[in-house]
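One-letter residues, chain by chain:
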Amino acid sequence: MTVTPIDLFASFIHLDQDGTIRTGGQAGDPADGGWRLATFYARTDADVHAGRWEVHPEAEKVVSCLIGKMRLYLRPQRPGRREEEITLTAGTAAVVPRGRWYRIQLDTPCAIMALTLPRGGHLEERADPGHDLTARAGARPGPATS
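To start, this report covers the structure provided alongside it. Since we're looking at a predicted model, the values are computed, not measured. (Residues numbered from 1 in each chain as written. Predicted model: local features only at pLDDT ≥ 70, side-chain atom pairs only at ≥ 80, totals over all residues. Heavy atoms only, no water.)

Overview of the pattern of salt bridges
Throughout the structure, instances matching the rule amount to eight salt bridges. Across the pair Arg 119 and Glu 58 runs a salt bridge whose closest N-O atoms are separated by 2.7 Å. Of the two residues, Arg 119 sits in the loop between strand 10 (110-116) and strand 11 (122-125) while Glu 58 sits in the loop between strand 4 (52-55) and strand 5 (61-67), which places them 61 residues apart along the sequence. With its nearest N and O atoms 2.7 Å apart, the salt bridge here joins Arg 71 to Asp 107. Linking Arg 71 in strand 6 (residues 69-74) with Asp 107 in the loop between strand 9 (102-106) and strand 10, this pair joins segments that are 36 residues apart in sequence. Residue Arg 71 is classed as buried on the basis of its relative accessible area, which comes to 16%. (Salt bridge = Lys/Arg side-chain N within 4 Å of Asp/Glu carboxyl O. Helix = DSSP H or I, 4+ residues; strand = E, 2+ residues; numbered from the N terminus. Buried < 20%, exposed > 50% of the residue type's maximum accessible area, 1.4 Å probe, protein only.)

Encoded structure:
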């Protein structure tokens, strides 16, 4: 087997349950099983769909800030509570518990790495009508990536 460098920003890394590691530019079929490692640049809040909550009911998720600074918010589990805010700076990560709704907001452009099971994830619009992510200074629309 020839070993070659992998462009983490152009390929997903699939960690199969049988110990096999595959790479590719496609997200792959979630029914294949195994974990997916994804690395991407986020320049604006739109790049991390900050206006939506995300959840992975079948697995925990590691969210890592490789470059930049961002905030990871965990949705309150009980009414009347505030969101939990975790600041992630270059070289730090957090584990989002299985089944816990979360969102990301950027303080600066970031390089982000995330690891989770790709199946079963859901997105939900934030109920807060006061959030206008494109109005933030320097914000430009960009592709949504999870």
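Text resumes after the structure shown.
Let's talk about the environment of Tyr 73
The residue Tyr 73 is located in strand 6 in this model. Separated by 28 residues in sequence, Tyr 73 and Trp 101 place their C-alpha atoms 8.5 Å apart. Once you skip the residues sitting within four places of it in the chain, Tyr 73 turns out to touch Trp 53, Glu 83, Glu 84, Glu 85, Trp 101, Tyr 102, Arg 103 and Gln 105. Here the side chain of Tyr 73 touches Arg 71 through a polar contact of 2.5 Å, side chain to side chain. (Contact = heavy atoms within 4.5 Å. Polar contact = N/O pair within 3.5 Å; in protein donor to acceptor, adjacent residues only side chain to side chain.)

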